[in-house]
Amino acid sequence: VDRIRRPFHVNSLAQVAALAALEDEEHVHKSQEINEAGKKYLYGAFMEMGLGYVPTSANFILFDVEQGSTEIYDELLKMGVIVRPMAAWGYNTKLRVTIGTREQNERLVEALKHLMA
C-alpha cells in the first residue's frame, strides 16, 4: 500500500478537522489575510533581490534562485529553513516555498540574502 499511497496522505480524523476548520469563517478569513500579506512581502523581497517568481493564487510560491536549487535547498535546510527544490521536475534553478507567518517569511528572506551575497 505504501508504494501507491499519496505522499501527503490524510487520515479520516484529519479530514474531519479540515472540514471543521473550513466551516470556521473567521479562521478561513484570517488564514487568507495571512497568506495575502505573506505573498506581498515575499514578492517584494524577491524583486528586491532580483529573483524571478511565478505569481500564485495558492499558499506557495515558485521562485528562481538562478543557480543550482538543490545546493541552495541544502544550505537553507542547514539554517533551519525548509523549501522544496524543483529540479526533479526539470526546474533546476527554482525552489518552492510555502507562504508562512511574517516571522517565517522574514527568516527565509534573511537566509536567502545571506546565501546569495
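For the structure itself, consult the block above.
Residues numbered from 1 in each chain as written. Predicted model: local features only at pLDDT ≥ 70, side-chain atom pairs only at ≥ 80, totals over all residues. Heavy atoms only, no water.

Chemist: I keep staring at helix α2 (residues 25-48) and nothing clicks. Help me out?
Modeler: In an α-helix, one full turn covers 3.6 residues, which means residues spaced three or four apart are oriented alike. In this model α2 runs 35 Å from its N-terminal to its C-terminal C-alpha over 24 residues, within 8% of the 34 Å that 1.5 Å per residue would give. Listed in full, the buried residues belonging to α2 are Asn35, Gly38, Lys39, Tyr41, Leu42, Tyr43, Ala45 and Phe46. Turning to α2, the residues buried within the fold contact β1 (53-54), β2 (60-64), β4 (94-98) and α4 (102-116). (Helix = DSSP H or I, 4+ residues; strand = E, 2+ residues; numbered from the N terminus. Expected span 1.5 Å × (residues − 1). Buried < 20%, exposed > 50% of the residue type's maximum accessible area, 1.4 Å probe, protein only. Contact = heavy atoms within 4.5 Å.)

Chemist: Hey, could you run me through the packing of α2 against α4 in this one?
Modeler: Two packed helices can be described by the angle between their axes and the distance between those axes. At a closest axis distance of 10 Å, the pairing of α2 and α4 adopts a crossing angle of 10°. Viewed along their axes, α2 and α4 adopt a mutual orientation that is roughly parallel. Between α2 and α4, the contacting residues are Gly38, Tyr41, Leu42, Ala45, Phe46 and Glu48 on the first element and Arg102, Asn105, Glu106, Leu108, Val109, Leu112 and Lys113 on the second. By residue class, the composition of the contact of α2 with α4 is 7 nonpolar, 2 polar and 4 charged. (Axes fitted to C-alpha atoms, helices over the stretch in contact; angles between N-to-C directions. Parallel < 35°, antiparallel > 145°, perpendicular 65-115°, else oblique. Nonpolar A, V, L, I, M, F, W, Y, C, P; charged D, E, K, R; others polar.)

Chemist: Explanation requested: the layout of surface pockets in the structure shown.
Modeler: Rolled over the atoms, a probe sized like a water molecule indicates the empty space that remains. One number sums up the size of the largest pocket: a volume of about 180 Å³. Around the largest pocket, the lining residues are Gly80, Val81, Ile82, Val83, Val97, Thr98, Gly100, Gln104, Asn105, Arg107 and Leu108. Within the residue set of the lining of the largest pocket, elements represented by two or more residues are β4 and α4. Residue contributions to the lining of the largest pocket peak at 4 residues, all from α4. Looking at side-chain class alone, the lining of the largest pocket contains 5 nonpolar, 5 polar and 1 charged residues. (1 Å grid on protein atoms, 1.4 Å probe; cavity = no way out; pocket = protein on both sides within 12 Å on 5 of 7 lines; lining within 4 Å. Points joined across faces, edges and corners; volume = space filled by probe spheres on them.)

Chemist: I would appreciate a short explanation of the packing of aromatic side chains in the present structure.
Modeler: Any two aromatic rings considered together are summarised by their centre-to-centre distance and by the angle between their planes. Within the structure shown, the criterion is met by 3 aromatic pairs. Geometrically, the ring pair formed by Tyr43 and Tyr53 is stacked, given 4.3 Å between the ring centres and 15° between the ring planes. Of this pair, Tyr43 sits in helix α2 while Tyr53 sits in strand β1, placing them 10 residues apart in sequence. On the basis of relative accessibility, which here comes to 15%, the residue Tyr43 falls in the buried class. Put simply, the rings of Tyr43, Phe46, Tyr53 and Phe63 pair up and form one aromatic cluster. Above the face of the Phe60 ring, Arg96 is positioned so that its terminal group lies 4.4 Å from the ring centre. (Phe/Tyr/Trp six-rings, centres within 6.5 Å; stacked < 30°, edge-to-face > 60°. Lys NZ or Arg CZ within 6 Å of the ring centre and 35° of its normal.)

Chemist: What should I look at first to understand the sheet that holds strand β3 (residues 84-85) in this one?
Modeler: What holds strands together in a sheet is hydrogen bonding between their backbones, with the strands either parallel or antiparallel. Taking strand neighbours across the sheet as the criterion, the 4 strands line up as β1-β2-β4-β3 in an open arrangement whose pairing is antiparallel. Looking at the sheet topology across the chains shown, the edges are occupied by β1 and β3. Taken together, the 5 bridges between β2 and β4 define a ladder with antiparallel strand orientation. The residue bridging Ile61 from the neighbouring strand is Val97, located in β4. (Pairing = 2+ DSSP bridges.)

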